[in-house]
Amino acid sequence: RAAAGTPAPPAPARREMQAVVSVGRDDGRLSPLTDEAPSSALPLGNVPLLLHQVATLLQAGLEVLIVCPAEMEAHLLLLIAEQPGVELVPVEGYLGDAHALRAVAHRIRGDVLVLGGDALVGDVIPALASLHRRNACDVTMLLRTEPPPEPPAPAAKSGGGKAKKPAAPSRHEWDVDIVGISEDWRVVYKRPRAEVDDPVRLSKALLRRSGTMAVRTDLTDVQVYVFRHGVLALLEENHRLLSIRADLVPFLVDRQFQPLHVLQDPEHVPTLDPLRSPAGADAALFGTEDHLRCYALVVPHDGPYCRRMTTLSAYLAMDRDVLRLGLPSWVPLEGVQRRDQSVVSPACEVLPKASVRSSSVGDRCTIGGGSKLNGCIVMTDATVGQNCELINVIVASGATVGDGCKLTDCQVAPGASVDPSTRAKGDVFA
């Protein structure tokens with residue numbers, strides 16, 4: 001205690017939060033669209049995903065660092081130009097998003113929000129940051145509940161038509177996590193499903209400390225995290241941590257409820273941050289062995305917007321969401337046609353009797369007369385011939401679709417051509 005008449009020491013100042021957009025290499029699921037450019041460069045409503053992300057973070061009042069493999073620097077510089085409050089940091093020898101975060105740790109002054117390069121979120125960042133501060137967390141992650149599966153199609157009647165195909169799964173198997181979460185949204189177990197053998201085994205000690213816990217597979221990690229500044233020191237000392245989702249987050253989750261002398265072993269975590277305190281949080285939550293804290297903000301599938309561009313179907317759905325919902329509302333979209341829920345660039349040519357619905361058409365494109373587009377993305381310098389019918393089709397930059405084509409659920413690679421009168425469903429033209 002301070003002596004009588006001596007002013008009390010000032011309370012530790014709250015550190016400023018910064019944001020990191022982690023642009024990584026594509027895992028192949030969006031190929032060939034991402035063979036030469038990252039998914040962050042793909043347009044949503046004719047605006048690259050990266051610019052939607054930057055606008056969201058700037059709107060939240062955050063300074064933004066964009067980290068990427070060194071070979072992507074030139075491409076991303078063309079997108080962001082010289083926006084105030086935004087800096088691009090190329091990473092040599094890129095090994096993963098945790099490795100990239102380690103590379104810029106010396107530039108981060110306080111807690112840090114990390115946004116995956118394929119994620120698009122709406123106005124959910126303030127709530128995530130508030131939960132992080134309120135519970136004095138080491139990591140707070142954003143999880144989205146998946147919609148319930150569609151009921152199975154009824155069996156075909158005897159002598160009737162064909163039975164409907166079962167609905168496609170809403171997520172790729174790589175994106176499914178097993179999450180153990182308590183009633184107060186504390187995450188006490190988290191692993192990618194692909195890395196876990198059945199059955200899931202949990203220690204009795206963990207179950208005693210965590211109380212009532214549900215083990216769930218219906219929560220999608222949107223790959224938006226807020227980390228306490230002290231976690232960056234952990235990264236500096238543990239170079240084996242390369243992926244945030246697969247390495248760093250499970251590393252933190254598994255080391256909750258550990259005694260302090262174990263946590264201060266360099267093999268576990270570094271000395272705890274002296275500025276950390278339960279100020280603003282429920283002090284009763286801080287037990288003698290409660291020095292690492294991992295929580296989640298769980299949003300329903302029909303709640304605040306948050307999705308990842310991991311598959312072609314997800315990409316098309318996100319484009320429609322941007323057109324339908326105007327997400328994020330602070331990104332200006334040129335050529336919006338509200339009636340048709342479409343964005344058609346003023347610098348393109350749509351010939352007579354052509355219709356464009358729930359679609360995006362980029363600069364210097366041509367849509368031939370009599371063609372019908374529904375749920376499509378037509379990128380810069382692409383051409384769609386006359387009398388075509390395209391449903392859920394992505395026509396990449398510089399590609400050409402010949403006259404009279406009927407395509408459904410197809411992808412036309414950059415610079416590729418589709419012969420006239422082609423009929424196809426679910427094909428890739430490269």
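Definitions and limits used
- Residues numbered from 1 in each chain as written.
- Predicted model: local features only at pLDDT ≥ 70, side-chain atom pairs only at ≥ 80, totals over all residues.
- Heavy atoms only, no water.
- Pairing = 2+ DSSP bridges.
- Helix = DSSP H or I, 4+ residues; strand = E, 2+ residues; numbered from the N terminus.
- 1 Å grid on protein atoms, 1.4 Å probe; cavity = no way out; pocket = protein on both sides within 12 Å on 5 of 7 lines; lining within 4 Å.
- Points joined across faces, edges and corners; volume = space filled by probe spheres on them.
- Nonpolar A, V, L, I, M, F, W, Y, C, P; charged D, E, K, R; others polar.
- Salt bridge = Lys/Arg side-chain N within 4 Å of Asp/Glu carboxyl O.
- Buried < 20%, exposed > 50% of the residue type's maximum accessible area, 1.4 Å probe, protein only.

(A) Here's a closer look at the sheet that holds strand β25 (residues 394-395). Ordered in space as β15-β16-β19-β22-β25-β28-β31, the 7 strands form an open sheet in which the pairing is mixed. In this open sheet, the two strands that pair with only one neighbour each are β15 (336-337) and β31 (428-429). As paired elements, β25 and strand β28 (residues 411-412) share 2 bridges and run parallel to each other. Across the sheet, V395 pairs through a bridge with V412, a residue of β28.

(B) Quick peek at empty space enclosed by the protein. A complete count under the given rule lists 1 cavity of 30 Å³ or more for this structure. Considered as a void within the structure, the largest cavity measures approximately 30 Å³ in volume. For the largest cavity, the full set of lining residues is S22, D97, V114, L115, G116, Q223, Y225 and I244. Looking at the lining of the largest cavity, the elements with two or more residues in it are β6 (112-116) and β12 (219-227). In terms of residue count, the dominant contributor to the lining of the largest cavity is β6 (3 residues). Its residues placed into classes, the lining of the largest cavity shows 4 nonpolar, 3 polar and 1 charged.

(C) Quick peek at the pattern of salt bridges. A complete count under the given rule lists 16 salt bridges for this structure. One salt bridge connects R25 with E71, and the closest N-O pair in it is separated by 2.8 Å. Of this pair, R25 sits in the loop between β1 (18-22) and β2 (43-44) while E71 is found in the loop between β4 (63-69) and α2 (73-80), placing the two residues 46 residues apart along the sequence. Owing to a relative accessible area of 52%, E71 belongs among the exposed residues under this scheme. Measuring nitrogen to oxygen at the nearest pair gives 2.9 Å for the salt bridge that ties R109 to E63. Taken together, the positions of R109 in the loop between α3 (97-103) and β6 and E63 in strand β4 put the pair 46 residues apart, joining distant regions of the chain. Bridged by salt links that share partners, the residues D27, R29, D118, D175 and R308 form one connected network.

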